[in-house]
Amino acid sequence: MKAAILFESLTGHTRRAGELIATNLQQAGWGITGVSPVRSPEMAAIQDADVVIIGTWVHGLFVVGQAPWGLGAIAHLPALRGKLAATYCTFALNPAKTLDKLDTAVSGLGAEVIGGLALHRAKLEEHSEEFAARLVANIPARA
Ligand SMILES: Cc1cc2nc3c(=O)[nH]c(=O)nc-3n(C[C@H](O)[C@H](O)[C@H](O)COP(=O)(O)O)c2cc1C
């Protein structure tokens, strides 16, 4: 399988998570067509991918009002009809319904969203590994 990773990141955690997910997927035998920011996506990487992974960070008042940052930019990504998508967000305290909101936005691009995971910013390595393992388990390699 080939995956493109798109991230929205202010202080680097979500970018780092994307890079860690890419490394873990490569170790599982997947191809990575590109890892690029949502606001300057690599179009060829998206086109070449079977699965598009979209990550952002949780913005809110920590206990209320949590939402994915950059939904406007995500809504302006190219259409993803015919592609699978998976989502992730990084957070500090509590992601609340951030992933559901992100999934709705990515579904709006036409992708089939197969799931997502919230990654604690203090456990990026562990949680990125879990994200990749779950993705690989849910999409068995094509014959
Ligand atoms: C303005 C602001 C608001 C935030 N609000 C929340 C929040 O409501 N809940 C939470 O768990 N983390 C919150 N965070 C923490 C970020 O989601 C977390 O640090 C994330 O990993 C940042 O990703 P980045 O390094 O890719 O920008 C907030 C961070 C900022 C800067």
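For the structure, see preceding data.
We now turn to the structure provided with this report. The structure displayed is predicted, hence computed values, not measured ones.

### A look at the packing of aromatic side chains
Point 1. Summed over all chains, the structure comprises 2 aromatic pairs.
Point 2. Ring geometry for Y88 versus F131: centroids 5.8 Å apart, planes at 70 degrees, classification edge-to-face. One end of the pair, Y88, is in strand β5 (residues 84–91); the other, F131, is in helix α5 (residues 124–138), with 43 residues separating them in the sequence.
Point 3. For F131, a relative accessible area of 4% gives the class buried.

### With respect to the environment of E42
Point 1. Mapping E42 onto the fold places it in the loop between β2 (31–37) and α2 (43–48).
Point 2. With 21 residues separating them in the primary sequence, E42 and I21 have C-alpha atoms 17 Å apart.
Point 3. With residues up to four places along the chain from it excluded, the contact list for E42 reads T33, G34, V35 and S36.

### Things to note about the nonpolar core
Point 1. The biggest cluster of nonpolar side chains holds 22 residues, and the ones touching the most others in it are L6, V52, I54, I74, L77, L80 and V106.
Point 2. Taken together, the elements giving at least two residues each to this core come down to β1 (2–7), α2, β3 (51–59), α3 (71–75), β5 and α4 (98–107).
Point 3. Per-element tally for this core: the top contributor is α4, with 4 residues.
Point 4. Ignoring any residue separated from it by four or fewer positions in sequence, one finds L80 in contact with I46, V52, I54, L109, G110 and A111.
Point 5. In this structure, M1, F7, L20 and Y88 belong to the second largest nonpolar core, which totals 21 residues.

### Some words on the site of the ligand
Point 1. Lining the immediate environment of the ligand, one finds 19 residues, of which S9, L10, T11, T14 and V58 sit closest.
Point 2. In the environment of the ligand, an oxygen atom lies 2.5 Å from a nitrogen or oxygen atom belonging to the side chain of S9.
Point 3. Contacts to the ligand include H13, whose backbone N or O atom sits 2.7 Å from an oxygen atom.
Point 4. Here the ligand, which alone exposes 650 Å², has 86% of that area covered by the protein.
Point 5. Going through the elements one at a time, α1 (13–27), β3 and β5 are the ones with two or more residues in the shell around the ligand.
Point 6. Considering every element that reaches the shell around the ligand, the biggest residue donor is β3, with 3 residues.
Point 7. Looking at the shell around the ligand residue by residue, the class counts come to 8 nonpolar, 10 polar and 1 charged.

About the thresholds
- Residues numbered from 1 in each chain as written.
- Predicted model: local features only at pLDDT ≥ 70, side-chain atom pairs only at ≥ 80, totals over all residues.
- Heavy atoms only, no water.
- Phe/Tyr/Trp six-rings, centres within 6.5 Å; stacked < 30°, edge-to-face > 60°.
- Helix = DSSP H or I, 4+ residues; strand = E, 2+ residues; numbered from the N terminus.
- Buried < 20%, exposed > 50% of the residue type's maximum accessible area, 1.4 Å probe, protein only.
- Contact = heavy atoms within 4.5 Å.
- Core = buried A, V, L, I, M, F, W, Y, C linked by side-chain atoms within 4.5 Å.
- Near = heavy atom within 4 Å.
- Polar contact = N/O pair within 3.5 Å; in protein donor to acceptor, adjacent residues only side chain to side chain.
- Areas by Shrake-Rupley, 256 points an atom, 1.4 Å probe, with all protein chains shown as cover.
- Nonpolar A, V, L, I, M, F, W, Y, C, P; charged D, E, K, R; others polar.

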